[in-house]
Amino acid sequence: MASHTGELSTHGPAVRVQDLHRSFNEAGGVLNGLDLEIAPGEFVALLGRSGSGKSTLLRSLAGLDRGVAGTGRVEVPEKVSVVFQDSRLLPWKRVLDNVTFGLRSSDASERGLQALDEVGLAGREKAWPHELSGGEQQRAALARSLVRDPELLLADEPFGALDALTRIRMHTLLRKLCEVHRPAVLLVTHDVDEAIVLADRVIVLDGGVVRHDARIELGTRRSQADPAFARLRAELLAELGVEDDHDAAPRPAVGRLSERAAS
Amino acid sequence: MASHTGELSTHGPAVRVQDLHRSFNEAGGVLNGLDLEIAPGEFVALLGRSGSGKSTLLRSLAGLDRGVAGTGRVEVPEKVSVVFQDSRLLPWKRVLDNVTFGLRSSDASERGLQALDEVGLAGREKAWPHELSGGEQQRAALARSLVRDPELLLADEPFGALDALTRIRMHTLLRKLCEVHRPAVLLVTHDVDEAIVLADRVIVLDGGVVRHDARIELGTRRSQADPAFARLRAELLAELGVEDDHDAAPRPAVGRLSERAAS
Amino acid sequence: GPKLELTAALPDEPADGTVLRVGDPATQVALETSGAIDDLDIDIEWANITGGPKTLEAFRADAIDIGSVADIPPLFAHWTGTDVRIVAARETVDPETHPTYELGVAPGADVTSIEDLEGKKIAYSPGQAQGALVLNVLREAGLSQDDVELVEMQSVDDAFSIALGSKQVDVAPLQQALVKTYLAKYERDGATTIESGVRDDAWTLYAPTTVLEDADKAAAIKEYVAAWAEAQLWISEHPDEFAEAFYVDHEGLSPEDAKYVVDAYGQYAVPTSWDDFIARHQVTVDTLVEGQDQEPLDVSTIYDRRFEKAIAAALEGEGSQ
Amino acid sequence: MAVTTLTAPARRAISSGTEDVRPTRRRLGPGKPIRFGGLIGIAALLAAWVVGSATGLLDPRTLTEPWTVVATAETLIENGRLQESLVTSGIRAALGLGLGVAVGLVLALVSGLSRVGETLIDGPIQVKRSIPTLALIPLLILWLGIGEPMKVITIALAVFVPIYIHTHNGLRTIEGRYAELAETLGVSRTEFIRHVVLPGAMPGFLLGLRFAVTSSLLALVVVEVINATSGIGHMITLASSYGQTDIIVVGLVVYALLGVSADAVVRLIERKALSWRRTLAS
Amino acid sequence: MAVTTLTAPARRAISSGTEDVRPTRRRLGPGKPIRFGGLIGIAALLAAWVVGSATGLLDPRTLTEPWTVVATAETLIENGRLQESLVTSGIRAALGLGLGVAVGLVLALVSGLSRVGETLIDGPIQVKRSIPTLALIPLLILWLGIGEPMKVITIALAVFVPIYIHTHNGLRTIEGRYAELAETLGVSRTEFIRHVVLPGAMPGFLLGLRFAVTSSLLALVVVEVINATSGIGHMITLASSYGQTDIIVVGLVVYALLGVSADAVVRLIERKALSWRRTLAS
Ligand SMILES: Nc1ncnc2c1ncn2[C@@H]1O[C@H](COP(=O)(O)OP(=O)(O)OP(=O)(O)O)[C@@H](O)[C@H]1O
Ligand SMILES: Nc1ncnc2c1ncn2[C@@H]1O[C@H](COP(=O)(O)OP(=O)(O)OP(=O)(O)O)[C@@H](O)[C@H]1O
Ligand SMILES: [Mg+2]
Ligand SMILES: [Mg+2]
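Right, let's walk through the structure included here.

Rules used throughout
- Within each chain, residue numbers correspond to sequence positions counted from 1 in written order.
- Ligands are numbered from 1 and chains lettered from A, in the order in which they are written.
- In keeping with the model being predicted, local features are shown solely for residues with a pLDDT of at least 70 and side-chain atom pairs are shown and tallied solely at 80 or more, while totals for entire chains, interfaces and linings include all residues.
- Hydrogens and water molecules were not included; the side-chain quantities draw on all heavy atoms of the structure.
- Each metal's donors are the N, O and S atoms found within 2.8 Å of it, except that Na, K and Ca use a 3.2 Å limit; water is left out, so coordination can look incomplete.
- The helix count covers DSSP runs of H or I at least four residues long, the strand count covers runs of E at least two residues long, and both are numbered beginning at the N terminus.
- Three exposure classes are used, based on accessible area relative to the maximum for each residue type with a 1.4 Å probe and protein chains only: buried under 20%, partly exposed in between, and exposed over 50%.
- What makes a residue near a molecule or strand is one non-hydrogen atom of that residue sitting within 4 Å of it.
- The definition of a polar contact used here is a pair of N or O atoms within 3.5 Å, where within protein one atom must be able to donate a hydrogen and the other to accept one, and adjacent residues in sequence count solely through side-chain atom pairs.
- Here the Shrake-Rupley method, with its probe set to 1.4 Å, supplies the accessible areas, and only the displayed protein chains count as covering residues.
- Under the grouping applied here, Gly and all other residues not named as nonpolar or charged are polar, the nonpolar ones being Ala, Val, Leu, Ile, Met, Phe, Trp, Tyr, Cys and Pro and the charged ones Asp, Glu, Lys and Arg.
- Between the N-to-C directions of two axes lies an angle of 0 to 180 degrees, each axis being a line fitted to C-alpha atoms and, for a helix, fitted only over the stretch in contact.
- Should an angle fall under 35 degrees it is called roughly parallel, over 145 degrees roughly antiparallel, and 65 to 115 degrees roughly perpendicular, with every other angle called oblique.
- Here is the rule for handedness: rotate from the far helix to the near one, and if that takes an anticlockwise turn smaller than a right angle the crossing is left-handed, while a clockwise turn gives right-handed.
- Working rule for contacts: check all heavy atoms of both residues, and any pair within 4.5 Å makes them a contact.
- Here the expected length of a helix is defined as 1.5 Å per residue gap, with one fewer gap than residues.

A few points about the coordination of the magnesium ion (ligand 4)
All names here are of chain B.
- Summarising the metal site, the magnesium ion (ligand 4) is bound by the protein donors S55 (OG) and Q85 (OE1), whose distances to it range over 1.9 to 2.2 Å. Placement of S55 in helix 1 (residues 54-61) and of Q85 in the loop between strand 5 (80-83) and helix 2 (95-100) is noted, with a sequence separation of 30 residues between them.
- Residue classification places Q85 among the partly exposed residues on the basis of a relative accessible area of 25%.

A few points about the site of ligand 2
- For ligand 2, the set of nearby residues contains 20 residues, the closest of which are S133, G135 and E136 of chain A together with S55 and T56 of chain B.
- Mapping the residues adjacent to ligand 2 onto the chains of the assembly identifies chains A and B.
- With respect to ligand 2, the backbone of E131 of chain A contributes an N or O atom lying 3.0 Å from an oxygen atom.
- Within the backbone of G134 of chain A, an N or O atom sits 3.3 Å from an oxygen atom of ligand 2.
- Protein chains bury 87% of the 630 Å² of accessible surface belonging to ligand 2 in isolation.
- Broken down by secondary-structure element, the contributors of at least two residues to the shell around ligand 2 are helix 4 (134-146) of chain A together with helix 1 of chain B.
- The class makeup of the residues in the shell around ligand 2 is 3 nonpolar, 11 polar and 6 charged.

Some thoughts on the packing of helix 1 (residues 25-34) of chain C against helix 9 (residues 239-250) of chain C
Residue and element names in this part refer to chain C.
- One way to put it is that helix 1 packs onto helix 9 with a least axis distance of 9 Å and a crossing angle of 130°. Considered as vectors, helix 1 and helix 9 are oriented oblique to each other. The two elements helix 1 and helix 9 meet at a crossing, and its hand is right-handed. Across from P25, A26, V29, A30 and T33 in helix 1, the residues of helix 9 making contact are F242, A245, F246 and H250.
- When grouped by side-chain class, the residues that make up the contact of helix 1 with helix 9 number 7 nonpolar, 2 polar and no charged.

Here's the deal with helix 4 (residues 134-146) of chain B
- Counted at 1.5 Å a residue, the expected span for helix 4 of chain B with its 13 residues is 18 Å, and the 19 Å between its end C-alpha atoms agrees.
- Within helix 4 of chain B, 11 of the 13 residues are buried, leaving the element largely enclosed by the surrounding structure.
- On its buried face, helix 4 of chain B is in contact with strand 5, helix 2, helix 3 (108-118), strand 6 (152-156) and helix 5 (164-181) of chain B together with helix 7 (176-184) of chain D.

Note that every value here comes from positions in space, so none of it alone points to a role or purpose.
In structure tokens:
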């Protein structure tokens, strides 16, 4: 187990998934016997192709797939918080009420305001969700999730709609909160750099199982300049089917797309 | 004008925006006198912070902001196609019908099937939108937009929910279609690399105006290994407020978030 | 109260606290206007309910004890299994010139007497007094149902006068109140009314037998019918006061219309012997039995003639004073 | 860090013999539909009627006993009155329903898609629906006579109101984003109506249809008062002026049967036609 | 590459004097609401009545002339009948509406959120609504007498059906994603109802309320036939049994006024309460 989760490891893993199968139709399974353990306090990044079943896995862990056929064993802590792939703000509640919805502590609205401040939405607490830009909605959803100190945080591409600077800020915020509350985190991302920077461990989902499981041993200052960083990055991208040279494909005159992309 | 748009430049720009103001409330404008010209066939990437008004600008160009207060002059071609920030598939239509919706040619459904194939959704044409994963929905929306040969393509983060490999494939596809049909393109993205790889020109929106306008002169093979690429990247990231070293922030013990992020 | 056989003599006094629930607004108004209501020894709870279906409904739901209707509703009550008895009867002094109903004739329909009805379209509402009237008229005219075209429709509100006015039917029975408005509207187009030529002046009070088997209620009804009889006579003697109090204040008619209606209905008589009344009723019953396939009925069995004597006693007592 | 209680419901196993343990999470939605659940309530109602009548709690003079109703229904079927009435009323209701739905739909589209249309149409329809149908009958008799056209049109008038209001409302509450999308796709107005408005307003329309079906049945009671010699409404009206409770109750049972089955059919259509929705119900 | 035609509508300029040229795009939605648009249609209807009567196109025997109606209304106001009727009916309708809305709402919640509740409640309500209110009156008289309680409850029975059906439908068609969200936030059932179900079902409820309000008014005509001495419904019934067309029309005009204003109020509430929505209408 990763160093900073060691002190909790005696209690067993926070998440234990055994032989998980899920399928939406007869044609084929989306998850085909997936096994996964996440230690308490561990930060796991989940990579995988579009359509590989990342969201399906998260929904299993969140207990939101009652209607989906499948078998397997899923054990999760009691307090699970989910950042959905869509921001899923209740359209009839203003932003602050969305963030504090379900919070029962007396200082709920202060905490909500603080969370909004932290995600850069100070002053927008009275806005309706539809008045927010895409990235602002995503940050509001993030604030809603962070404000409630979960034992397990499931985040489905929480930074997808954010620009580089805002994204860095959110990374910092997330790391800070993880330092303090030490939830287990399973974060879906498409950004390999983000995965390496944030996570203790990166897993790649493919064919319905965990194809790749890499512990990240880069210390706390992780720089793209670090050759180990670049090596890890190349390794993960290769796992995802991409050569490291970002977008090496030339502007094609004509030609089969998939051949080119795979080359 | 960029070389490959030269032959059309005698017809004047495809898009001309003059002194565009837009505001949602008295507090302050989102667009404050923005000027922009896009030549026919030119590919412009639009960067900007979350909430800086990128979508607002796109909606202005698409003629979808009737209700929004503001002044200015917007001229656009007749055939405009929009990829919205949300994928905006009609929930009551199956994927193929969503893609071909409004297409009047007799081979609409063949073209739709081909477009679905190209975005990697072959065989999913009979699925309902809610049965698609986030990235699949985004690709279906992309297919819908590409299948109709617009004169101007407005795309609001069309690749945000895609993994690295799929994203590269979509880049290739988009470039290929641009080669063939030569639409003017305004593409919003948060990924600086993507902007540099795809675009003829990158503009940065800030404070409601175009703060930065950079023509990209890297030729057709653009590699991150190229030092010019890295320079441009650093320049744009700086423009967005980020040092090049991707996520240099250390895992903070405590501390003011924004200070750290800005450092 | 204690059970009372239907044949047993009527007790004189109801027990204290007996409340009689009466659906008879016209009498209520007459009693109030004449002041006679103060002389009543019984407690009455008035309900603003009249007409066959409504009173029958109220009987079944045990919401009223006694209702005020024409001669048809007690028959249908009987035929549909609610055991009722007629406890009072009223007729018109001069029924030929003061009919309750006239036959409205549509503009352009060539009908001047009931003999002309042959081959005509007649609005017919089975189950209502108007329906019985039509059958009675046909009988008087010597026609069968096959000689005319009966157009089945319920006489709800002013449906009949509208059907006449728009020439959907040639003939329809109209109550006096509607005769006036019908003629006012369509006389200039050629609309007329003719007399029906049959007596339609029978009016009754009736009560469920379950009520009459209650000694206290029966005693109260005995008091009530007496007061009722006097009220009917008072109405006949004070047409203007009654018109004002009932038709204008209670029913919302204009004073002219109220006067017209009161004049049209003429003076009431409360027979102290019901023999003729019952005989005429039997004719109607037989007509209905034949015309509507009802079960034969000896109508005298649904009269409670103990009240005949009570009424007679009251009126004679009055006369002797 | 406590692990939540886990249940092992016997779910259908993909590979036989494997376990299926999922996190239990308090279900907030209504859960799975109970098969034929709708019938249970009706059965309970029926049972209450039978028991109430048998024990004498329900006075047979108020509500005829079920067995009497069955006997009366048998008589009515034997002498053919019930079937005849059903056919007559069925045709009237169907014609009125068809006409009313068509008119309501067209008016809703006109009024829903153009503010000018709305200005002219919406007010009068609100006036119309505030006025009891019964009160309109005299006017309709004057204009349309007392024949079948009057009856069908009166039913249509009762039917078109819920269709109009629900479709108009359904249409107006289509998400604006879809209209935006259609605008950018450059679709024609017809295509917009066919592919966006109608499917988007479909849930509203179908809810309206549920009311329209019942309205068409209820309107029968009103129209069959006039110049009708058969029909369920006529049967009930006639029976109630005679006070024939048993026949009335037969009529009401027929009404209930028709109403409930028509409603069930519309709800089935709803489930099929709106299978694309992901709602609390699904 | 042709540039689309451009219009320069005189929009409110932020910085004065600057132009505002936007791409014209075929508008597919209904556009901006016309202020007091609803009244225009009603005014047109009124005008048609006035003109029709003045020119003799509308036979006064069919539809009383507006001026006669005004005169009759004045008389009715002078002798106090109209006000008295309005007050009596108003109280009845309001009580019935309140009761019906409360009952409908509670039943809809129970039936909408639990399948067991639905099983027991939904069927009987479908039966109830297939049965003409008029036919229920005998039973209600039996159980409740002929006084005010019977009248109020009959109105409530007419009112609760649309409230129930619309709220139930609104509730069931809340997007499942929001229930999922609530489940992951670990909210209690009460919070779920308060913060997700009620606001989510609000559009449905308010549509139901529009029908409920009209139903409560229409039910007056039915209940005020029984043992009533004043009320708008009683006034109309009485007038029609005496053929007093002018009073009937006064009654209908009052109905129209009440109905249209009540509807307008509910729609105003709708606009305010649902301002968070982004629909074709907005
Ligand atoms: N409700 C559903 N019905 C049918 N198929 C579904 C359903 N939900 C998901 N799928 C399919 O299951 C596969 C996995 O979907 P999932 O959403 O888990 O992908 P993902 O890894 O999250 O992808 P993305 O990165 O694009 O969000 C996809 O091919 C998708 O089309
Ligand atoms: N309908 C609206 N009402 C009020 N404010 C709005 C509305 N739409 C957008 N805004 C505000 O205008 C600003 C610009 O929004 P816009 O959607 O253009 O941002 P963006 O650049 O697209 O951001 P993102 O990258 O997060 O999508 C934001 O601050 C947003 O909150
Ligand atoms: Mg996903
Ligand atoms: Mg945006």
